[in-house]
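An overview of the molecular structure
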Amino acid sequence: MNLIPTGVRMMKSTAKQLRTEANWPPEEGQVISFKSSTGFETDILKEVRWGLVWRDFILEDGRVIPEHRISGCPQPQAWRKISEVTDQEREECEERLLSMAGAGMDPRKRDQSFWAELNQYLAYTYLRFKPAGSKIQGQEKEKDKDKDTEKDR
Amino acid sequence: MSQSDDEPDELQVWRVLSEAGLVEIRLDEFAERIKDVKRIVTGRLRDLLDFNTGVQERESAAYSLGTLTGLELKVLAHTPKPPDPSKI
């Protein structure tokens, strides 16, 4: 399995396409290049939004592209620690997902909001509850320990 | 699963999610990935119940399990049925 994100492999050498952390992410209204199922495309960036785990780039046409598919994405890619996600944020995400599912939306429509949000929710839930023994799970345990300590007070 | 203590968190997250097939789920694998994650949550919930600890995490895990089950049912409802062999 190739674990190198697409963004690294497709980075072009022109000065305009090379980005650094300092000018990343691109601004709204900027034309961005990204990898789609049909190859490389460009479109206007409408908004950059943090999901439960990674950043999503929302395009003018409504498509939602995960950050690692955007050309010039700095490496390593920025991720949120699971302990940064609040209970309220998680619950709101769960409600949105159930609402989209209830409305008959199909998550198998690539780059659409249901697809994007379900991807992130599954990734987040996996990281949160996966078996102990890694640093990531340790972060979650630290969070719970803090909560339990607060409860005891 | 091998991992290095020196590996930055960002790379570790990427590797863990890639290995689990959860960075970008293939369109025909949603139901399977939901099942995988449900299995992980169920295992954690079982541990929490066995040791009778982490009340808040237990409630949260149970709620996540309910959400995943709801999503799984909807995704399965959208899954195209294989052609009926008797009609081929």
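Shown above is the structure to which this text applies.
Below: a short report on this structure. (Residues numbered from 1 in each chain as written. Chains lettered and ligands numbered in written order. Predicted model: local features only at pLDDT ≥ 70, side-chain atom pairs only at ≥ 80, totals over all residues.)

Quick word on unusual backbone geometry
Residue and element names in this part refer to chain A. This is how the line gets drawn: Strands here are runs of E lasting at least two residues and helices are runs of H or I lasting at least four, both read from the DSSP assignment and numbered beginning at the N terminus.
A cis amide bond links Trp24 to the next residue, Pro25, at an omega of 0°. A cis amide bond links Gln75 with the next residue in sequence, Pro76, at an omega value of -5°. Locating Pro76 in the fold gives a position in the loop between strand E4 (64-66) and helix H2 (87-102). One non-glycine residue with positive phi stands out, namely Asp111, at about 70°.

Description of the nonpolar core
Grouped burial of nonpolar side chains is what soluble globular proteins tend to show. What counts is decided by this rule: Defined on buried residues, the nonpolar core groups Ala, Val, Leu, Ile, Met, Phe, Trp, Tyr and Cys residues joined through C-beta atoms within 7 Å. Every C-beta atom is placed from the backbone, and the number of other C-beta atoms within 10 Å of a residue's own sets its class: buried at 20 or more, exposed at 12 or fewer, partly exposed in between.
Ranked by size, the top nonpolar core spans 46 residues in total, and within it A:Leu122 and A:Ala123 carry the most contacts. Looking at this core, the elements that each hand over two or more residues are strand E1 (31-36), E4, H2 and helix H3 (113-129) of chain A together with helix H1 (9-19), helix H2 (30-50) and helix H3 (55-78) of chain B. Top element by residues in this core is H3(A). It accounts for 11 residues.

Regarding the interface of chain B and chain A
Filter applied, for reference: Once C-beta atoms are placed from the backbone, any two residues with those atoms within 7 Å are in contact. Here the nonpolar group is Ala, Val, Leu, Ile, Met, Phe, Trp, Tyr, Cys and Pro; Asp, Glu, Lys and Arg are the charged ones; every other residue, Gly included, is treated as polar.
At the junction of the two partners, chain B supplies 36 residues and chain A supplies 31 residues. Listed by contribution, the elements that provide at least two residues to the side of chain B that touches chain A are H1, H2 and H3 of chain B. A breakdown of the residues in the side of chain B that touches chain A according to their chemical character gives 18 nonpolar, 10 polar and eight charged.

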